[in-house]
Amino acid sequence: MSGHEILGFAAAILTTVCWLPQAFRTLRTKDTKSLSLVTQSAFALGVALWLIYGILAGNAPIILANGVTFILVSLILAMKLRYG
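Read on for a plain summary of the structure. (Residues numbered from 1 in each chain as written. Predicted model: local features only at pLDDT ≥ 70, side-chain atom pairs only at ≥ 80, totals over all residues. Heavy atoms only, no water.)

1. Considerations on the overall build of the protein chain
The condition that has to hold: Going along the chain from the N terminus, every DSSP run of H or I of four or more residues is numbered as a helix, and every run of E of two or more is numbered as a strand. Under the scheme applied here, a residue whose accessible area is under 20% of the maximum for its type counts as buried, over 50% as exposed, and between as partly exposed, the area being computed with a 1.4 Å probe on protein chains only. Here a residue-residue contact requires only that any non-hydrogen atoms of the pair lie within 4.5 Å. Working definition of accessibility: Shrake-Rupley area with a 1.4 Å probe, residue cover restricted to the visible protein chains.
Scanning the protein chain from terminus to terminus reveals four helices and zero strands. For the protein chain, the succession of helices and strands along the chain, N to C, is α-α-α-α. Its C-alpha atoms give the protein chain principal-axis dimensions of about 45 × 25 × 15 Å. Among the 84 residues that make up the protein chain, the fraction classed as buried is 31%. Sequence separation of at least 24 residues holds for 75% of the intrachain contacts in the protein chain that already meet a minimum separation of 6. Looking at the protein chain as shown, the accessible area adds up to about 5500 Å², and 72% of this sits on carbon and sulfur atoms.

2. With respect to the packing of aromatic side chains
Working definition: an aromatic ring pair is given by the centre-to-centre distance plus the angle between the planes. The following threshold applies: Only Phe, Tyr and Trp rings are paired, with Trp represented by its six-membered ring, and only when their centres lie within 6.5 Å; those with planes under 30 degrees apart are stacked, over 60 edge-to-face, the remainder tilted.
The full count for this structure, using the stated rule, is two aromatic pairs. Centroid distance Trp 19 to Phe 43: 5.8 Å. Interplanar angle 55°. Geometry classified as tilted. Residue Trp 19 is located in the loop between helix H1 (3-17) and helix H2 (20-29), and its partner Phe 43 is located in helix H3 (residues 37-57); the two are separated by 24 residues in the primary sequence. Note on Phe 43: relative accessible area 32%, which makes it partly exposed. Their ring planes at 90° and their centres at 5.7 Å tell us that Trp 50 and Tyr 53 sit as a pair that is edge-to-face. Of the two residues, Trp 50 and Tyr 53 are both situated in helix H3; the distance of three residues between them amounts to about one turn of the helix.

3. Considerations on the layout of surface pockets
Applied cut-off: Of the grid points, spaced at 1 Å and generated over the protein atoms alone, those admitting a 1.4 Å probe that cannot get out make up cavities, while open sets with protein on both sides within 12 Å along at least five of seven lines make up pockets; any residue with an atom within 4 Å of a point is treated as lining. Grid points are joined across faces, edges and corners, and a volume is the space filled by probe spheres set on the points. When residues are sorted by character, Ala, Val, Leu, Ile, Met, Phe, Trp, Tyr, Cys and Pro go into the nonpolar class, Asp, Glu, Lys and Arg into the charged class, and all the rest, Gly among them, into the polar class.
In this structure, the largest pocket spans a volume of roughly 300 Å³. Lining the largest pocket we find 15 residues, and of these Ala 11, Ala 12, Thr 15, Ala 65 and Asn 66 sit closest to its centre. Elements supplying a minimum of two residues to the lining of the largest pocket: H1, H3 and helix H4 (60-83). Taken together, the residues of the lining of the largest pocket break down into nine nonpolar, six polar and no charged.

In structure tokens:
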């Protein structure tokens, strides 16, 4: 594994892990009132585009981070649409 890949995995882990507590709290409580639908939608789209980019580039850190994040943000977005 090259230094670039190690750096990429470190960044992927940090940016995904720091977001997990909020995602898990939202999934556990189903409280989405304070979340902006526009912001969550834009975030989901951005993460999806990063995931596609990572797949096209064959970049494992980008695929890993954005794959996990996309699943969670999609669940939160679905909850926002359902529970308001």
